[in-house]
Every structure is written in structure tokens, then in C-alpha cells.
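So you can see what is in the structure, the chains are spelled out below.
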Amino acid sequence: DARLTDKGRQQARDCGKRLQELIDQGLTHPPTEAMVSPLARTLETCQLILDSVNPDIKAHIRPELQERQTHFPPDTPRRHSSMYRYSYVDDRFIMDHFEEVDRKDVEDECKAIESREKLRERASHLFDLLMEMSSRHVLIVSHKGYLRELERGLLGLKDSALFGNAEVRVYRVEFTKGKRKLESLERLV
């Protein structure tokens, strides 16, 4: 589980500044809640963005938002205990969506490499996660591959390009909850 480099930290700070500029210009609403992948680099990125935009926002650590399971060290999640320590040090981070799992199930799951199609299927569950949120303006801090498959799947943007490091994309999205149907999508930035 790779941490941010000095360059990565600067990119995250720049991302926070860019998001604040967009808010100041009235191009987007300020986020009132966040969801973040449990991997170290996204936790730190989220922390730096929140410092720039609104230090009072709560960020829900969601394992569903982690990068594609490749078995490469940067994409291997840490133990829950170390994530709990992270949320203990910074009380903006909330770990209320982790279930107790059988170690054998985790080991079996970790043996499989996740295909892009499986990642797209997992990313499509973001609809359900958004329905759980109490806020309408949600900051999502995740990974290039996850976000691309989210755009290609749930958002229906078939030719979505890979995200850059700490890239800001802002969408206005309307879903029909009962039908789980995308009603409208507008990329604002």
C-alpha cells in the first residue's frame, strides 16, 4: 500500500486548491461529505483536499472504492487495524462500513486478479453508496482505474479517458432511485 511521494502530496494540495477555485467561481457546489478508498495514497490525498476545501467535512472510508485488485504492492490494502489508527489520528475519517469477514474469504478473494469488467461492475455499485449518503454534494477520492470504469459503466461514458494524478472532474448527475436509472449527466469541469 504505497504512500504519497512529495510530488504526490503537492499534486493533492494543488487539487484541493483547484477544487476551491471552482467553488469560488460558482462552477460547483462545495462538497458536504466525502467517500475515500482505504488505500494510503487516497487517504492522504483526501486529507490534503479537505484541508484546502473544508476541514470539517467527514470522509467515509469505503473499501468498495479501492483500486483494481492486481496483486501489485501499491494496490494491496492495509490491515483494518492500521486504517482504524488513521481514523483515530484524524477524526474526519469514519470507518463505519467495514464488516467482519472470515480470513479465509479474504485470502480466497485476494488470490483472484480483478478484470476491468469486474472493476466496472464494482464501480457501478457507487449508485447504492451515494443513496446511503446524507449529502447531495459528495467528494469521491479514489483511483484512476476505478474512476475510469465508473465513468464507462455507471455514467455511460464509453470513451472515458484515464484520469491524471489528482485530477478534478465535476459532474452533475441525476438518478431515478427506484429504477436505478441515470436520468441526466453533465460534466461541469
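Just so you know, these numbers come straight off a predicted model, no measurement behind them. (Residues numbered from 1 in each chain as written. Predicted model: local features only at pLDDT ≥ 70, side-chain atom pairs only at ≥ 80, totals over all residues. Heavy atoms only, no water.)

Participant: So what about the overall build of the protein chain? Which residues, and what values?
Facilitator: In terms of helices and strands, the protein chain carries 7 helices and 6 strands. From first element to last, N terminus to C terminus, the protein chain shows the α and β order α-β-α-β-α-β-α-α-α-β-α-β-β. Among the 189 residues that make up the protein chain, the fraction classed as buried is 40%. Restricting the contact set of the protein chain to residue pairs at least 6 apart, pairs at least 24 apart contribute 70%. Surface accessibility of the protein chain: about 10,900 Å² in total, with carbon and sulfur atoms responsible for 49%. (Helix = DSSP H or I, 4+ residues; strand = E, 2+ residues; numbered from the N terminus. Buried < 20%, exposed > 50% of the residue type's maximum accessible area, 1.4 Å probe, protein only. Contact = heavy atoms within 4.5 Å. Areas by Shrake-Rupley, 256 points an atom, 1.4 Å probe, with all protein chains shown as cover.)

Participant: Talk me through helix α7 (residues 144-152); I want residue IDs and the actual numbers.
Facilitator: For α7, the buried fraction is high: 7 of the 9 residues fall into the buried class. Along α7, the residues that are buried comprise G145, Y146, L147, R148, E149, L150 and E151. Of the surrounding elements, those touching the buried residues of α7 are α5 (116-123), α6 (126-132), β4 (138-141) and β5 (171-176).

Participant: How would you sum up unusual backbone geometry? Please name residues and give values.
Facilitator: The backbone of A166 sits at a positive phi, close to 55°, despite the residue not being glycine. Within the secondary structure, A166 is located in the loop between α7 and β5.

Participant: Give a description of the pattern of salt bridges that names residues and reports values.
Facilitator: Oppositely charged side chains can pair when the atoms bearing their charge come close. This structure, assessed with the given rule, holds 12 salt bridges. A salt bridge links R120 to E149; the shortest N-O distance between them is 2.7 Å. Of the two residues, R120 is situated in helix α5 and E149 in helix α7; the sequence distance between them amounts to 29 residues. By sharing partners, the salt bridges in this structure join E151, E167, R169 and R187 into a single network. (Salt bridge = Lys/Arg side-chain N within 4 Å of Asp/Glu carboxyl O.)

Participant: Give a detailed account of the pairing of β4, specifying residues and quantitative values.
Facilitator: Only one face of β4 is buried, namely the one carrying L139 and V141, since none of V138 and I140 on the opposite face is buried. Looking at chain direction, strand β1 (residues 33-36) and β4 are connected through 4 bridges and run parallel. Bridging across to β4, A34 finds its partner in L139. (Pairing = 2+ DSSP bridges.)

Participant: Lay out helix α2 (residues 40-53) with the relevant residues and their values.
Facilitator: One full turn of an α-helix is made of 3.6 residues, so residues set three or four places apart face in the same direction. Counted at 1.5 Å a residue, the expected span for α2 with its 14 residues is 20 Å, and the 20 Å between its end C-alpha atoms agrees. Among the 14 residues that make up α2, 11 are buried, leaving the element largely enclosed by the rest of the structure. Every buried residue of α2 is listed here: A40, R41, T42, L43, E44, T45, C46, L48, I49, L50 and V53. (Expected span 1.5 Å × (residues − 1).)

Participant: Now, about the packing of aromatic side chains: what can you tell me, with residues and values included?
Facilitator: We describe a pair of aromatic rings using the distance from one ring centre to the other and the angle between the two ring planes. Enumeration over the complete set of coordinates arrives at 0 aromatic pairs. Its end group placed over the ring of F163, R169 keeps NZ or CZ at 3.5 Å from the ring centre. (Phe/Tyr/Trp six-rings, centres within 6.5 Å; stacked < 30°, edge-to-face > 60°. Lys NZ or Arg CZ within 6 Å of the ring centre and 35° of its normal.)

Read these as layout, nothing more, since geometry by itself doesn't imply function.
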